[in-house]
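The residues making up each chain are set out below.
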Amino acid sequence: HRRLKNVIVLLEWLPDTALSGGAGGMGLDAKAEKALKLSAGATTRLGRMFEMYDVQSSGAIGEEHLDHCFYDMGLRPNSDAVDAEAVSEQKEALRRMHFVRGGAHGQELALPAAHWPKMMQEQRFLRGDTGRFWVALSLREAEALRGAIHLAMDTGEPLVPDSRVAVGLRAGHMMIDCVGPPKPAPGGGGGGAISFTAAASVEPFPRAPRLQLDSAVSAFRFIDSQLAFTERHARLLLRMLRLDAPQDRRKWFQDVCGCRRRPQNKLINIKRGGIATAVNVEDEYHLLVQAATLWRVGREMSHRQLGTHDLYHAFNGKRDGYLTCGELAAGLAWLGVKVSEDDLHAFLRGLDSNADGLLTLDEWAAGFPLLAESEPATHEALATLSLKPKQVRELFEGATAKKKEFAPVPPDRLAKFKFKLHAHKAYTQIFTSKRTDLREQLTLWEPDVDDRSKLLSAKKARFKVCLGHYAVGGSESPARGLRTAPMVLEVTDTSITMGLSASEHLAAVVEQLLPPPLRYRLAWHSEEHELWVWRAVPPGAAFLALGMVATRSEEPPPPHAMCCVPRRWCVRDAERPRAIWKDSGGAGRPGSIWATGIQLQLMLAVLGHDPPPADLAWRLGTDRWYAVPERLRDLIETVDPRASMVGGGWTPREAEAATTSADGWLASKKLELQARQPPPGSVQASLAQSDNPWGSAPGGGGTVPEPVSPGGLLALAAEA
């Protein structure tokens, strides 16, 4: 194929201004309406929109709620005269069909559910000039046409003899040059030549309706294989391309990108918003359902005086600052907003600015900018609200990943595991700026720690893990080039006292509490210097990646190259990241490399020279700690001692109190021994009594002691 030229200049052409000017509309004509039949999915989505706007469940939408629908579709009747006329005519047409009901101010508009799909399919409320056309020009054509426009104005001759043609040259929304039609001859004649020299002899260039112009510019940007589209422009593309299936749009766009030699991998990596919406979503009704749901949720919050921050914390039962689909579904049900799983996912994706499948407080509050953060009338009630998450499919990465299965770890053994930051001295060089044209010196290092890929076969009681790579602004190793010796995290099973003994639970603890990333995202790269820096994607919202890793090829590192840590072990780093290196004067996209605070000093890389965002700056809460089984039950599979305690005669409340007390683990272990005692009078009991150190000699009348009560057992443990 020949390489396609870029679309730079557009010709806006009105062959006869007398035949244009809003006589037509942008909705479907009779032929297109017959060709396009609403699919079952589109009909369902329109029904969901209707349910959101029908607040009173009356089976009809009032004028106020219909205005919200028009607003979501891009109409601005309060500021645009064309939109105001179109909306007014649409409402009058509905009234002529007697879609009204009695109200406080007389007959009010009420659009029934039966006519709703037809109105949305026809879209008669969208207006545009039927006699206005746009054409993509090459630069040579644009240059010639601009010269013709200037020549016609200088010589006094019409651009096209005996016509009322109007021509404009645009670069996107910007008008470069334009000329309006000549004015008719005085007296209505027209047999002679038309004077075109004076400004009074030329009519102004007719301005295009706003939505029609936006649609044309968006269409040519789509033809030009551009990727940056806002949600509003993506909605316009969906409106124009709704006769084409998503797979056809996607194939066409990829083929055109190939002819233009544009990098198609960028399109693959775009998961949400903009161009991904235009080529993957069936129609604009998907976006309209999302907008209607957002409006309905905001309305419920406003009417019930619920603050955005208060409600978010009430929905987020884990109090971890990351709202899941299950928590959101439970919250919307509590609000009385019924949504399907697909609508729930679309609603969350619309608010999820970083596409991680979870909602932060800022993302949630940004969807309701006009509502208060907190309302005194409902603050206390929401603080005590407890909702159980619903069973729905989650969107965050790792939600469906299959976890490795390990044997449960006894709580008393888990409590013996110590985690400690160790000063490290051995490193392997990953990259150096020597013999390159980089102005600033840079060396990247990987700590030499235990091989994570051999963890399952390791016969040891301690294990060092990598939290990320290190960057030094020079050629020295991190042990000398950084402010202090960098730290690596060491896990030790303190229950193993013999130096050569192996821990049977070490692999289970490391793999579940310090898991590898799911995958990596490219943070920054320089192909010229063969350097790629990767950001890890944690296996769920409960974990964090504290650092980054570097490679010398575009292939991402293996998952075991570093590990993630539980979010509950981390705190925000008050110390700002320190700049290590900036690619001043280098080719390619600008980037910079930083080091985290004094505790870890891990490498961070960002595009540009601004400091890393706050969500990358974390540190561990302390340098040394032991595992607390009660606080890790949701992260690691442990043996629940309460089952054997209840079976041994304890009540569930006593078992719960014992397992959560300081000496609970000792109590549970002794109760397990009691549960193993054979029934009185059995042969096993007689044999056991002969060896019982607490009873008398055989035949001496000794008996097996009674089971120790919970209170006595705790007293015995305290005494010991």
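Undergrad: What's the story with the overall build of the protein in this structure? I'm lost.
TA: On a plain count of helices and strands, the protein comes out with 25 helices and 24 strands. Expressed as a percentage of its 720 residues, the buried residues of the protein come to 45%. Within the structure as shown, the protein displays about 37200 Å² of accessible surface, and the carbon and sulfur contribution to it stands at 54%.

Undergrad: Help me understand helix α3 (residues 63-72), please; the structure alone is not making it clear to me.
TA: In an α-helix, one turn spans 3.6 residues; hence positions three or four apart end up facing the same way. Along α3, the positions that sit buried rather than exposed are His-65, Leu-66, Cys-69, Phe-70 and Asp-72. Relative to the axis of α3, the buried residues are bounded by an arc of 160° and lie together on one face. Just downstream of α3 lies Gly-74, where phi reads positive at about 100°.

Undergrad: Sorry, what's going on with the packing of helix α12 (residues 285-303) against helix α15 (residues 341-351) here?
TA: Packed helices, taken two at a time, are described by the angle between their axes plus the distance between the axes. With their axes 9 Å apart at the nearest point, α12 and α15 run at an angle of 80° to one another. With respect to their mutual orientation, α12 and α15 come out roughly perpendicular. Listed contacts from α15 to Val-289, Gln-290, Thr-293, Leu-294 and Val-297 of α12 are Asp-343, Ala-346, Phe-347, Gly-350 and Leu-351. Taken together, the residues that form the contact of α12 with α15 break down as six nonpolar, three polar and one charged.

Undergrad: Mind showing me how you'd approach the nonpolar core here?
TA: Soluble globular proteins tend to bury their nonpolar side chains together. Of all hydrophobic cores here, the largest spans 54 residues; its most connected members are Trp-116, Met-120 and Trp-364. Per-element tally for this core: the top contributor is α12, with seven residues. Beyond its immediate stretch of four places on either side in the chain, Trp-364 contacts Val-297, Met-301, Thr-308, Leu-311, Tyr-312, Phe-315, Leu-323, Leu-328, Phe-347, Leu-351 and Leu-359. By size, the runner-up hydrophobic cluster in this structure holds 51 residues, among which are Cys-466, Leu-467, Tyr-520 and Cys-570.

Undergrad: Mind showing me how you'd approach the pairing of strand β7 (residues 174-179) here?
TA: For a regular strand, side chains alternate in direction, first toward one face of the sheet and then toward the other. In this structure, strand β6 (residues 166-171) lies alongside β7, joined through five bridges in antiparallel fashion. Residue pairing for β7: Arg-170 is matched across the bridge by Met-175. In this antiparallel pair of consecutive strands, β6 and β7, the connection spans two residues, and Gly-172 shows a positive phi of 70°.

Undergrad: What am I meant to see in the packing of α3 against helix α4 (residues 81-96) here?
TA: Contact geometry of α3 with α4 gives a least axis separation of 12 Å together with a crossing angle of 140°. When the axes of α3 and α4 are compared, the pair comes out oblique. The way α3 lies across α4 gives a crossing that is right-handed. On α4, the residues that touch Glu-63, Leu-66, Asp-67 and Phe-70 of α3 are Val-87, Gln-90, Lys-91, Leu-94 and Arg-95. In the contact of α3 with α4, the residues fall into four nonpolar, one polar and four charged.

Undergrad: Help me understand the sheet that holds strand β24 (residues 624-626) in this model?
TA: Pairing between the strands of a sheet is mediated by backbone hydrogen bonds and can be parallel or antiparallel. With respect to topology, four strands assemble into an open sheet ordered β11-β13-β8-β24, the strand pairing being antiparallel. Looking at strand neighbours, the two that pair on one side only are β11 (462-465) and β24, the edges of this open sheet. Ignoring which end each strand starts from, the neighbouring axes of this sheet average 20° apart. Pairing between strand β8 (residues 417-423) and β24: three bridges, direction antiparallel. Of the residues in β24, the one forming a bridge with Lys-420 is Arg-624. Packing against the sheet, helix α20 (residues 506-513) makes contact with β8, β11 and β13 (487-493), and its axis sits at approximately 70° to β8.

Undergrad: Got a minute to help me understand the pattern of salt bridges in this structure?
TA: Close approach of charged atoms allows side chains with opposite charge to pair. If you walk through the whole model with that rule in mind, you get 32 salt bridges. A salt bridge links Glu-122 to Arg-124; the shortest N-O distance between them is 4.0 Å. A relative accessible area of 14% means that Glu-122 is categorised as buried. A relative accessible area of 42% means that Arg-124 is categorised as partly exposed. The shortest N-O distance in the salt bridge between Arg-146 and Asp-177 comes to 2.6 Å. You can see Arg-146 sitting in helix α6 (residues 139-155) and its partner Asp-177 sitting in strand β7, a full 31 residues away along the chain. Assessed through its relative accessible area of 38%, Arg-146 is described here as partly exposed.

Undergrad: When you look at the packing of aromatic side chains in this model, what are you seeing that I'm missing?
TA: Two measures describe an aromatic ring pair: the distance that separates the ring centres and the angle between the ring planes. As enumerated under the stated definition, the model contains 13 aromatic pairs in all. Look at Trp-569 and Trp-625: their rings are 5.2 Å apart centre to centre, the planes differ by 70°, and that puts the pair in the edge-to-face class. Taken together, the residues Trp-569 in the loop between β18 (565-566) and β19 (570-572) and Trp-625 in strand β24 connect sequence positions 56 residues apart. Overall, Trp-625 belongs to the buried group, its relative accessible area being 12%. Within the aromatic cluster, the residues linked to one another by ring pairs are Phe-222, Trp-252 and Phe-253. Looking at Arg-76, its charged tip hangs above the ring of Tyr-71, at a distance of 3.7 Å from the centre. The ring of Trp-334 carries the charged tip of Arg-304 above its face, separated from the ring centre by 4.7 Å.

Undergrad: Even after reading the chapter, I still don't get α15, so can you show me in this structure?
TA: Looking at α15, one finds that the buried residues are Asp-343, Leu-344, His-345, Phe-347, Leu-348 and Leu-351. Check the buried side of α15 and you find it contacts α2 (40-53), α12, α14 (325-335) and α16 (361-366).

Undergrad: Explanation requested: the side chain of Asp-224 in the structure shown.
TA: Considering the arrangement of structural elements, one finds Asp-224 in the loop between α7 (210-223) and α8 (231-240). Classification of Asp-224 by relative accessible area gives buried; the value is 6%. Within polar-contact distance, the side chain of Asp-224 engages the backbone nitrogen of Val-7 at 2.8 Å.

Undergrad: Is there a simple way to think about the sheet that holds strand β10 (residues 443-447) in this case?
TA: Here three strands make up an open sheet; going across it, the order is β9-β10-β12 and the pairing antiparallel. Two strands in the sheet have a free side with no partner beyond their single neighbour: β9 (427-432) and β12 (470-472). Averaged over all neighbouring strand pairs, the angle between strand axes comes to 30°, with direction disregarded. Bridge count between β9 and β10: five bridges; the pairing is antiparallel. Note that in β10 the partner of Phe-431 across the bridge is Leu-444.

Undergrad: Help me understand the environment of Cys-564 in this model?
TA: Examined against the element boundaries, Cys-564 turns out to sit in the loop between β17 (548-551) and β18. For Cys-564, a relative accessible area of 0% puts it in the buried group.

Undergrad: Sorry if this is basic, but what is going on with the confidence of the model for the protein here?
TA: Close reading of the predicted structure is inappropriate where its pLDDT is low. When pLDDT is averaged along the protein, the result is 81, and 79% of the positions lie at 70 or above. By mean pLDDT, the top-scoring element of the protein is β17 (96), and the lowest-scoring one is helix α25 (residues 710-719) (42). Ignoring residues within four places in sequence, the model shows residues 189-200, a span with pLDDT below 50, making 21 contacts including any to other chains. Scored below 50 in pLDDT, residues 682-720 makes 27 contacts in the model with residues more than four places away or belonging to other chains.

Basis of the calculations
- Residues numbered from 1 in each chain as written.
- Predicted model: local features only at pLDDT ≥ 70, side-chain atom pairs only at ≥ 80, totals over all residues.
- Heavy atoms only, no water.
- Helix = DSSP H or I, 4+ residues; strand = E, 2+ residues; numbered from the N terminus.
- Buried < 20%, exposed > 50% of the residue type's maximum accessible area, 1.4 Å probe, protein only.
- Areas by Shrake-Rupley, 256 points an atom, 1.4 Å probe, with all protein chains shown as cover.
- Arc of directions from axis to C-beta.
- Axes fitted to C-alpha atoms, helices over the stretch in contact; angles between N-to-C directions.
- Parallel < 35°, antiparallel > 145°, perpendicular 65-115°, else oblique.
- Contact = heavy atoms within 4.5 Å.
- Nonpolar A, V, L, I, M, F, W, Y, C, P; charged D, E, K, R; others polar.
- Core = buried A, V, L, I, M, F, W, Y, C linked by side-chain atoms within 4.5 Å.
- Pairing = 2+ DSSP bridges.
- Left-handed = near helix turned anticlockwise from the far one by under 90°.
- Salt bridge = Lys/Arg side-chain N within 4 Å of Asp/Glu carboxyl O.
- Phe/Tyr/Trp six-rings, centres within 6.5 Å; stacked < 30°, edge-to-face > 60°.
- Lys NZ or Arg CZ within 6 Å of the ring centre and 35° of its normal.
- Polar contact = N/O pair within 3.5 Å; in protein donor to acceptor, adjacent residues only side chain to side chain.
- pLDDT = per-residue confidence, 0-100.

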